[in-house]
Amino acid sequence: MTVRRANNEPRWMRVLLLVVALGFLALFLGFPLVTVFYEALKKGVDAYLAGLADPEARSAILLTLGVAAAAIPFNIAFGVAAAWAIAKFDFRGKSLLITLIDLPFAVSPVVAGLLFVLIFGSQGWLGPWLAEHDIKIIFAIPGIVLATLFVTFPFVARELIPLMQAQGKDEEEAAVSLGASGWQMFWRVTVPNIKWGLLYGVILANARAMGEFGAVSVVSGHIRGETNTLPLHVEILYNEYQSVAAFASASILALLALVTLVAKTVVEWRMRKETEMLTADLPPEKTE
């Protein structure tokens, strides 16, 4: 009886599948990317730099980077804590917590922004109290940070949960049995074991934070030079038919995406190499 492997397809089939895959990548990824840079530079480098030198563009870039920088520490703290609790302990409501972590993937960002307006807006549940104490959240930077946190907080947790579940808790228990304190165990055992998964989750969360549009658009108020992040700034310029300035700003987002892709690839490579090294160090299984 002839046994045929599932991946032992004819050469023409493999070539066809490769061509189709590369064609889709070129059409839906490569072509739009090239178009962004072409449109940004079609009137020359001077026009491109002028679009980026505009005070509103600089403000949007700085705000985008600042919001991402403000959101990432909260993502790390929540992601590590949630993954630790889910992977290391059994408790009531564990399945509910996992479901809630996935909530931002199921809820539209626009709906999330509207929820923040309902809670913190001038006519919202906490609006009168906030106005009385001169605290502004909606149509201000705190609201943008909150909306960004909502759409990004699952990424770190979702990367760490399966990793920490696979690692188990034997090493932590061994460290405690040898006299290590809780912080010593965390910094010397847990963190080194999860560092690449944590960095991978941070890269994904950072990419989403810089590119978020829907939730931020609802809570920002579109105040020029104050609450417009880079995606919102691109939309305003494009609607005003300032195509070169719009694509110049969009090219910054594209460059950030490419940097994120390179960083993601490097982290994946390091994770794979470390896994291979750990596997190679394991003694071979004995067969009777």
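Rules of the game
- Residues numbered from 1 in each chain as written.
- Predicted model: local features only at pLDDT ≥ 70, side-chain atom pairs only at ≥ 80, totals over all residues.
- Heavy atoms only, no water.
- Helix = DSSP H or I, 4+ residues; strand = E, 2+ residues; numbered from the N terminus.
- Buried < 20%, exposed > 50% of the residue type's maximum accessible area, 1.4 Å probe, protein only.
- Contact = heavy atoms within 4.5 Å.
- Axes fitted to C-alpha atoms, helices over the stretch in contact; angles between N-to-C directions.
- Parallel < 35°, antiparallel > 145°, perpendicular 65-115°, else oblique.
- Left-handed = near helix turned anticlockwise from the far one by under 90°.
- Nonpolar A, V, L, I, M, F, W, Y, C, P; charged D, E, K, R; others polar.
- Domains from an automatic or database assignment.
- Buried area = accessible area lost by both parts, 1.4 Å probe.
- Salt bridge = Lys/Arg side-chain N within 4 Å of Asp/Glu carboxyl O.
- Polar contact = N/O pair within 3.5 Å; in protein donor to acceptor, adjacent residues only side chain to side chain.

Before going further, it helps to examine the side chain of Ser220. Residue position: Ser220 is located in helix H12 (residues 214–220). Looking at Ser220, the relative accessible area reads 0%, which means it is buried. Among all residues touching Ser220, those that are not within four sequence positions of it are Phe139, Ala140, Ile144, Thr227 and Leu232.

So, about unusual backbone geometry. The backbone of Asp134 sits at a positive phi, close to 55°, despite the residue not being glycine. With respect to the element layout, Asp134 can be found in the loop between helix H7 (127–132) and helix H8 (141–152). Phi angles above zero are rare outside glycine, and Tyr241 is one such case at about 65°. Locating Tyr241 in the fold gives a position in the loop between helix H13 (230–239) and helix H14 (243–281). Classification of Tyr241 by relative accessible area gives exposed; the value is 76%.

Turning our attention to the packing of helix H3 (residues 55–88) against helix H11 (residues 182–211). At a closest axis distance of 9 Å, the pairing of H3 and H11 adopts a crossing angle of 140°. Relative to H11, H3 is oriented oblique. When the axes of H3 and H11 are compared, the crossing they make is right-handed. Across from Thr64, Leu65, Ala68, Ile72, Asn75, Ile76, Val80 and Trp84 in H3, the residues of H11 making contact are Met185, Phe186, Thr190, Leu198, Val202, Ala205, Asn206, Ala209 and Met210. The residue inventory of the contact of H3 with H11, partitioned by class, reads 13 nonpolar, four polar and no charged.

Take the domain arrangement of the chain next. Split by domain assignment, the chain resolves into domain 1 (7–40) and domain 2 (44–280). One C-alpha centre belongs to domain 1, the other to domain 2, and the line joining them spans 30 Å. At the interface, five residues of domain 1 touch 10 residues of domain 2. Around 640 Å² of area is buried between domain 1 and domain 2 when both sides are counted, 83% of it from carbon and sulfur atoms. Inspection of the domain 1/domain 2 interface yields zero salt bridges. The tally of links between domain 1 and domain 2 comes to zero residue pairs in polar contact (both at pLDDT 80 or more). Classifying every residue of the side of domain 1 that touches domain 2 gives four nonpolar, no polar and one charged.

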